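# Report on the structure
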Amino acid sequence: EEMIADTVRTNGYKQAILHNRCALQGLTVLDVGAGTGILSVFCVQAGATRVYAVEASAVSQLASHVVTLNGMDNKVKVLNSPVESAEIPEQVDAIVSEWMGYALMYESMLPSVIYARDKWLKPGGIILPSAADLFIAPINDRVVESRLDFWNEVKGLYGVDMSCMRPFAHSCIMNKEMAVNLLSPEDVLSFPVRFASLDLNVCTQEEVRNLHGS
């Protein structure tokens, strides 16, 4: 629900697929991590003749229902399997995947996309998306500031000075793995700077591991 309700992302994928109609017309597509199958449906709408929708989780059963409901059983084959162990009987002309995690690489499926590319994509085949850039910018996180300021306010609340807790609280808050927060424009303190780029046509598993580790 969260992913499909993200209209910017979902429409971005839809437009990218439909705008590549000429590249997909009459061809075979592999959808890596197909989820509910919506990208596979977009590919058929763009003219793909056959789509292999590979999904490792039980959501693949729902993808089959979506495919049936849209009258595409004869064009979309849903495979309940990790892509690394999927049995795909032919090379494909294109790969599509919604592989991106938070901050692009957090819990991303890019290694599976690269595996699929190296094993099943025909020479000269296309990948959607084909490239990705990572940008970084300093921000003022008002939620973090409020949580840190709390320790200066404890004395006023209970008569006990606990301001010494602030450095420890700072280390706990800043060391958490990932946070997704809404920001207002004035909280962005400088222009973003690109610090990494990926070309999915040629990037390697080692490059992805190095980027993920950074």
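The model shown is predicted, which means the values in this text are computed figures rather than measured ones.

This paragraph deals with the domain arrangement of the protein chain. Considered domain by domain, the protein chain is made up of domain 1 (1-132 + 195-210) and domain 2 (142-187). Centre-to-centre separation of domain 1 and domain 2, based on C-alpha positions: 41 Å.

On to the packing of helix α2 (residues 7-19) against helix α4 (residues 38-45). Two numbers describe how α2 lies on α4: the axes approach to 9 Å, and their chain directions differ by 30 degrees. Classed by the angle they form, the pair α2 and α4 counts as roughly parallel. α2 and α4 meet at a crossing whose hand is right-handed. Across from T10, Y13, K14, I17 and L18 in α2, the residues of α4 making contact are I38, L39, F42, C43 and Q45. A breakdown of the residues in the contact of α2 with α4 according to their chemical character gives seven nonpolar, two polar and one charged.

Under the defined criterion, the tally for this structure stands at two aromatic pairs. For the ring pair Y115 and W120, a centre distance of 6.2 Å and an interplane angle of 75 degrees mean the geometry is edge-to-face. Exposure remark for Y115: the relative accessible area of 26% places this residue in the partly exposed category. For W120, a relative accessible area of 4% corresponds to the buried category. Relative to W151, the ring of F150 has its centre 5.2 Å away and its plane inclined at 75 degrees; by these criteria the two rings are edge-to-face.

Looking now at the packing of helix α7 (residues 142-158) against helix α8 (residues 166-174). One way to put it is that α7 packs onto α8 with a least axis distance of 9 Å and a crossing angle of 155 degrees. The angle between α7 and α8 places the two elements in the roughly antiparallel class. Both α7 and α8 take part in a crossing whose hand is right-handed. Residue-level inspection shows V144, E145, R147, L148, D149, W151 and N152 of α7 in contact with α8, the latter providing R166, A169, H170, I173 and M174.

Turning our attention to the sheet that holds strand β4 (residues 92-97). A sheet is described by the order of its strands in space; here five strands give the open sequence β3-β2-β1-β4-β5, paired in parallel fashion. Every other strand in the sheet has two partners, leaving β3 (76-80) and β5 (121-128) as the edge strands with one partner each. Sheet twist, expressed as the mean angle between neighbouring strand axes with direction ignored, is 20 degrees. In this structure, strand β1 (residues 28-32) lies alongside strand β2 (residues 50-55), joined through five bridges in parallel fashion. Bridge pairing links D31 to A53 in β2. Along the sheet, helix α6 (residues 110-120) makes contact with β1, β4 and β5, crossing β5 at roughly 155 degrees.

Cut-offs and rules
- Residues numbered from 1 in each chain as written.
- Predicted model: local features only at pLDDT ≥ 70, side-chain atom pairs only at ≥ 80, totals over all residues.
- Heavy atoms only, no water.
- Domains from an automatic or database assignment.
- Axes fitted to C-alpha atoms, helices over the stretch in contact; angles between N-to-C directions.
- Helix = DSSP H or I, 4+ residues; strand = E, 2+ residues; numbered from the N terminus.
- Parallel < 35°, antiparallel > 145°, perpendicular 65-115°, else oblique.
- Left-handed = near helix turned anticlockwise from the far one by under 90°.
- Contact = heavy atoms within 4.5 Å.
- Nonpolar A, V, L, I, M, F, W, Y, C, P; charged D, E, K, R; others polar.
- Phe/Tyr/Trp six-rings, centres within 6.5 Å; stacked < 30°, edge-to-face > 60°.
- Buried < 20%, exposed > 50% of the residue type's maximum accessible area, 1.4 Å probe, protein only.
- Pairing = 2+ DSSP bridges.

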